[in-house]
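As a plain string of letters, each chain reads:
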Amino acid sequence: NMMRSMFAGVSGLRSHQTMMDVVGNNIANVNTAGFKSAQITFGEAMAQTLQGPAGAGLDSGGTNPLQIGLGVQVASIDGVFTQGATQITGRPTDIAIQGDGFFVLQGSAGRVYTRAGTFRWDESGNLVAPGGQLVQGWLADANGNVQTQTAVTSINLPLSQVIDPVETSTVQMGGNLSSDMAIGDIHNTSIVVYDSLGEPQELLMEFEKTAANTWDVRATMNGTSLTLSTAALTFGPDGSLTSASTITVGGYTPPGAAPLSFDVELGGSSPLVQFGGAPSAESMDQDGNAIGFLTDFSIATNGTISGQFSNGETKVLAKIATATFNNPSGLIRAGETRFEASVNSGQPLIGEPGNGNRGMLAAGALEMSNVDLAQEFTNLIIAQRGFQANSRVITASDEVLADLVNLKR
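A brief structural summary. Predicted model only: the values in this text are computed from it and were never measured.

Let us now look at the overall build of the protein. Regarding its fold elements, the protein presents two helices and 34 strands. Relative to the globule expectation of 22 Å for 409 residues, the C-alpha radius of gyration of the protein, 39 Å, shows a markedly less compact shape. A buried classification covers 39% of the 409 residues belonging to the protein. At a minimum sequence separation of 6, the contacts of the protein that also span at least 24 residues come to 62%. Taken as a whole, the protein presents about 20,700 Å² of accessible surface, with 52% of it coming from carbon and sulfur. Where the 18 positive side-chain charges of the protein centre and where its 36 negative ones centre are 24 Å apart.

On to the pattern of salt bridges, then. A complete count under the given rule lists seven salt bridges for this structure. Arg91 is paired through a salt bridge with Asp94; the nearest N and O atoms lie 2.4 Å apart. The partner of Arg338 in a salt bridge is Glu336, with the nearest N and O atoms 2.4 Å apart. A relative accessible area of 58% means that Glu336 is categorised as exposed. Connected through shared salt-bridge partners, Lys36, Arg115 and Glu367 make up one network.

On to the side chain of Thr189. Structurally, the position occupied by Thr189 is in strand 16 (residues 186-194). A polar contact is formed between the side chain of Thr189 and the backbone nitrogen of Ser283, at a distance of 3.1 Å. Look past the residues within four positions of Thr189 in its chain and what remains in contact with it is Met173, Leu203, Leu204, Met205, Phe207, Ala281, Glu282 and Ser283.

Our next topic: the nonpolar core. Counting residues in each nonpolar core, the largest one holds 27 residues, and the members touching the most others are Phe207, Leu233, Phe262 and Val264. Looking at this core, the elements with two or more residues in it are strand 15 (170-176), strand 16, strand 17 (200-211), strand 18 (214-221), strand 22 (246-250) and strand 23 (262-265). The greatest single-element share of this core, amounting to four residues, is contributed by strand 18. Residues in contact with Val264, not counting those within four places in the same chain, are Val171, Met173, Met205, Ser245, Thr246, Ile247 and Val249. Counting residues in hydrophobic clusters, the runner-up holds 21 residues, among them Phe103, Ile163, Ile299 and Ile305.

A separate point is the environment of Asp141. Structurally, the position occupied by Asp141 is in the loop between strand 12 (134-139) and strand 13 (153-154). Since its relative accessible area comes to 36%, Asp141 is described here as partly exposed.

The three strands are arranged 9-6-33 in an open sheet whose pairing can be described as antiparallel. Each edge of the open sheet is held by one strand with a lone partner, namely strand 9 (117-118) and strand 33 (360-363). Of the pairings in the sheet, the one linking strand 6 (residues 94-98) to strand 9 comprises two bridges and is antiparallel in character. Looking at the pairing, Ile95 lines up with Gly117 of strand 9.

Cut-off values and rules
- Numbering of residues begins from 1 in every chain and follows the order in which that chain's sequence is written.
- The predicted nature of this model means local features are confined to residues of pLDDT at least 70 and side-chain atom pairs, given and counted, to a pLDDT of 80 or more, with totals for whole chains, interfaces and linings taken over all residues.
- Hydrogens and water molecules were not included; the side-chain quantities draw on all heavy atoms of the structure.
- Per the convention used, a helix needs a DSSP run of H or I reaching at least four residues, while a strand needs a run of E reaching at least two, with both numbered from the N terminus.
- As defined in this context, the radius of gyration uses C-alpha atoms, and a globule is described by 2.2 Å times the residue total to the power 0.38.
- Relative accessibility under 20% of the residue-type maximum defines a buried residue, over 50% an exposed one, and the middle range a partly exposed one, all with a 1.4 Å probe and only protein chains included.
- Note on definitions: a residue-residue contact is assigned when non-hydrogen atoms from the two residues lie within 4.5 Å.
- Every accessible area reported is derived by Shrake-Rupley at a probe size of 1.4 Å, with residue values counting cover from the shown protein chains alone.
- In this charge count, Lys and Arg are treated as positive and Asp and Glu as negative; neither His nor the chain ends contribute.
- Charged groups are reduced to one reference atom each: NZ for lysine, CZ for arginine, CG for aspartic acid, CD for glutamic acid.
- Salt-bridge detection follows one rule: a side-chain nitrogen of Lys or Arg within 4 Å of a carboxyl oxygen of Asp or Glu.
- Throughout this description, a polar contact denotes any pair of N or O atoms lying within 3.5 Å of each other; where both atoms belong to protein, one of them has to be capable of donating a hydrogen while the other can accept it, and for residues adjacent in sequence the pair is counted only when both atoms sit in side chains.
- In plain words, nonpolar cores are sets of buried Ala, Val, Leu, Ile, Met, Phe, Trp, Tyr and Cys residues tied together by side-chain atoms within 4.5 Å.
- Pairing between two strands is assigned when DSSP locates at least 2 bridges connecting them.

Here's what the structure looks like:
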């Protein structure tokens, strides 16, 4: 039956054309960020049994079945989820996954997953993909804590958010009040503290030597004398402070703010001392802050988004989630380098990057396509030659049929 060979050739043409389609799509996406190539696998089509097998008898041996294959079919087209190379872009919202996992996106058509981390902020402060899908993760609470054991939500960071001001409660002071200074000499130091409204107020402190190892302390703010819990300091012969190491300061109310009240600590890690040499006593630090406006942000390898504020503070704002699947090849390609879960991909296992088998993130970079051009061009040749060989089967079968038709001439 010449028709069997012809139909087998046709199935070969059809299958190799599909192979060309797969290879062509891979090559077309050689520069598509986050793209995962596909590979095709052929399978033998059904076979026609001309004679079944026979077992061995007393007087004869067994015989094998006589079967003729009826061509080829596409057995599978599987995604290849190997890691693509990382390309540095410098855009802070470009994110590459190094290892397993997918970004989780929520759109109007449902939830999709992608390896292409080409994200940006929209006008409302949402982190979005190019198609407008919302990147999913967890938002931090007011204290910067993120609960990753809860359901994911859209990452939204209002660019107008602020860090509330912190009123100064402690000023750290240390250094040397020189024992070489004469009685009546004065040493001054100043530091900016913050009131309850976050407004800066300059604290001026004045130390006057009144006797050997004894100093008077005075403080002013905007020309107003402040009240101090200790107005005199005494030092021992070894240069160490022997009077109270904490001075409570009050007595001034800035306009519109609460009355100021804070402690000046003299006995901290760098205490106030009295030795010979140059005077170096100064106010070294304080724990207040002005109001902070969001000026910048950074994304850590575990997906944590931290905001940098104008007052020098850093605060955790959110964390990006990633999802893994037991069978990534079972995902459905949804276009635009995105995937949808299917009945054979397994459920998305959503968690924080770097936890379990989820890969780490690299901000300012994108994962490139994992298409291997050398392999694809080789497959192109294989598909072309396979197509060509099957076309020869058809033309040869046609010539045999023509000879059959021409028998009676």
